[in-house]
Amino acid sequence: MRPTRIALCAALFALHLSGVAAAQVDRGERGTDAERMALGPDVERTVGKPASGPISGPALDQLTQSMAKRMRCPVCQGAAVADSPSESARNMKQQVRSMIAAGYSEDQIFRYFETSYGEFIRLVPRAEGINLLVWAIPLSGLLVGLALASGFWTRRKWIAEQKVARESSAVSEPGRAQPSNDQQRLLDAFRKEAESDDA
Amino acid sequence: MGQDNQQQGETASTGQAQPSRRVSYKVIIGGLVIILPLLWVLFSGLFMDPHRMDAPLVGRNAPAFDLPELNSDGTRSLASYRGKPLVLNFFATWCLPCRSEHPVLNQAARQFGDRIQFVGVVYEDKRAVVNAWLNRYGGQAFPTLIDIGGKAAIAYGVYGVPETFFIDPQGVIRSKHVGPMDPMVIRSRIALLVGGGS
């Protein structure tokens, strides 16, 4: 590439980085680390005591990331909390992290968020009740489609076979019906008699 | 015979059979049974707001909070407001519709303040800029709290500003209004709040 193009690409890349950095700046009050790791309001009243003991270290990061991927950011257009740079998403991820660190289970954490945001906060709906339609309708649609397709294919094959059968019979005796075996024997017998008479 | 057109599907000229063209009513009805409900669902989706979220907290207890006050060192909790109806307004200085809403809230606070408690909660904003903004857009007829780390907003299911919660003296959320309010909206919501409706 020419030098000017390289410079332009580098400048755009740097701009992008600064944009990403800007997106990470909170416009709200961050609070101290202790304040950020605190559980939000009413956690125990909503979902009870933690299901297990405290978690920390890499397991904490992994579990947080895994849950954040399955939680919808309500401010963004259907993006996951894990993927959104918005402050709301980062606050939600922090809240998830605080609850996992305290030992709350995934089910408890989702229920906490569902209490305020509704079931829509889950990117993957609970597999129960009317939500089962999410899986049932596409699957049955596929099966119905396959059945229809195989039906059409069978019908076309049948029509083609019929057409071939008619054409082959038309070629052998154009415009005339084929005599049956018995009739053919009778005809042969008559022909022999006629020939012997002629001879 | 080639001229016999009464036989189904045979044409006069070629003598070859054509596939039956009579349409099966079962197929039509089956197709409609599948297509019509689907069309109805898709059509009704045209009238839905894609940004709107559920408000499952309406009718349930308001989440407890304990937030620092804007202009003092103390904190206020939800419980400290119990016994009086509460209008809880989430706002931010970067929120443009909030600029028209804040004077309306101030006016309502001055008018109803003896019977109803108004409280503002700062959402995703810095303490330093809030006072100037409040004074510019109608003053401070009611106290303001700061939501640190957005935890109160998450507990209340806030996904944008302004959002206002109308909470009864027992601490139950009676209604929620998303978007800026004008005097008429505030008046009707307050009437429901003190009148015991939902």
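Residues numbered from 1 in each chain as written. Chains lettered and ligands numbered in written order. Predicted model: local features only at pLDDT ≥ 70, side-chain atom pairs only at ≥ 80, totals over all residues. Heavy atoms only, no water.

A. Just the overall build of chain A, in detail. Assigned secondary structure in chain A consists of 8 helices and 0 strands. Along chain A, helices and strands appear, N-terminal first, in the series α-α-α-α-α-α-α-α. In the structure as shown, chain A presents an accessible area of about 13300 Å², 62% of it carried by carbon and sulfur atoms. (Helix = DSSP H or I, 4+ residues; strand = E, 2+ residues; numbered from the N terminus. Areas by Shrake-Rupley, 256 points an atom, 1.4 Å probe, with all protein chains shown as cover.)

B. Inspection of the interface of chain A and chain B at higher detail. Facing the 36 residues of chain A at the interface are 35 residues of chain B. Roughly 2800 Å² is buried in total at the junction of chain A and chain B, and carbon and sulfur atoms are behind 56% of that figure. A per-residue breakdown of the area chain A buries against chain B is headed by Arg27, Glu29 and Tyr117 of chain A, which together make up 26% of the total. The tally of links from chain A across to chain B stands at 1 salt bridge. (Contact = heavy atoms within 4.5 Å. Buried area = accessible area lost by both parts, 1.4 Å probe. Salt bridge = Lys/Arg side-chain N within 4 Å of Asp/Glu carboxyl O.)

C. Spatial organisation of the pairing of strand S6 (residues 163-167) of chain B. All names here are of chain B. Summarising burial for S6: 5 of the 5 residues are buried, a large majority. In S6, alternate side chains face the same way, and those of Glu163, Phe165 and Ile167 on one face and Thr164 and Phe166 on the other are all buried. Bridge analysis of strand S3 (residues 86-91) against S6 gives 5 bridges, and the strand direction is antiparallel. Its bridge partner being in S6, Leu86 is matched across the sheet by Ile167. As judged from the 5 bridges shared by S6 and strand S7 (residues 173-178), these two strands associate in the antiparallel manner. From the neighbouring strand, Glu163 faces S7, where its bridge partner is Val178. Count of turn residues in the S6/S7 antiparallel hairpin: 5 residues, of which Gly171 carries a positive phi of about 95°. (Buried < 20%, exposed > 50% of the residue type's maximum accessible area, 1.4 Å probe, protein only. Pairing = 2+ DSSP bridges.)

D. Highlighting the packing of aromatic side chains. All names here are of chain B. Summed over all chains, the structure comprises 10 aromatic pairs over all chains. Taking the centre distance of 5.4 Å and the plane angle of 20° together, the rings of Phe91 and Trp133 count as stacked. Of this pair, Phe91 sits in strand S3 while Trp133 is found in helix H3 (residues 127-136), placing the two residues 42 residues apart along the sequence. This pair shows no difference in class: Phe91 is buried, exactly as Trp133 is. (Phe/Tyr/Trp six-rings, centres within 6.5 Å; stacked < 30°, edge-to-face > 60°.)

E. Spatial organisation of the sheet that holds strand S5 (residues 144-146) of chain B. All names here are of chain B. Pairing in this open sheet of 5 strands is mixed, and the strands run S5-S4-S3-S6-S7 from one edge to the other. Each edge of the open sheet is held by one strand with a lone partner, namely S5 and S7. Each adjacent strand pair in this sheet contributes to an overall mean axis angle of 20°, direction not counted. In this structure, strand S4 (residues 117-122) lies alongside S5, joined through 3 bridges in parallel fashion. Among the inter-strand pairings, Val121 is bridged to a residue of S5, identified as Leu145. Along the sheet face, helix H5 (residues 183-195) touches S3, S4, S6 and S7 and points at about 170° away from the line of S7. (Axes fitted to C-alpha atoms, helices over the stretch in contact; angles between N-to-C directions.)

F. Structural detail: empty space enclosed by the protein. Applying the stated criterion to the full structure yields 3 cavities of 30 Å³ or more. Its boundaries defined by the atoms lining it, the largest cavity holds a volume of some 70 Å³. Lining the largest cavity are Pro74, Val75, Ser88, Asn91, Met92 and Tyr117 of chain A together with Tyr123, Glu124, Gly150, Ala153, Ile154 and Val158 of chain B. Elements with a minimum of two residues in the lining of the largest cavity: helix H5 (87-102) of chain A together with helix H4 (151-156) of chain B. Of all the elements, H5 of chain A adds the most residues to the lining of the largest cavity, at 3 residues. The class makeup of the residues in the lining of the largest cavity is 8 nonpolar, 3 polar and 1 charged. (1 Å grid on protein atoms, 1.4 Å probe; cavity = no way out; pocket = protein on both sides within 12 Å on 5 of 7 lines; lining within 4 Å. Points joined across faces, edges and corners; volume = space filled by probe spheres on them. Nonpolar A, V, L, I, M, F, W, Y, C, P; charged D, E, K, R; others polar.)

G. Structural view of the pairing of S4 of chain B. Residue and element names in this part refer to chain B. Buried residues dominate S4, accounting for 6 of its 6 residues. Alternating positions in S4 separate into two faces, Gln117, Val119 and Val121 on one and Phe118, Gly120 and Val122 on the other, with burial throughout. Bridging between S3 and S4 involves 6 bridges; their strand directions are parallel. Looking across to S4, one finds that Leu86 is bridged to Gln117.

Read these as geometric descriptors, not functional statements.
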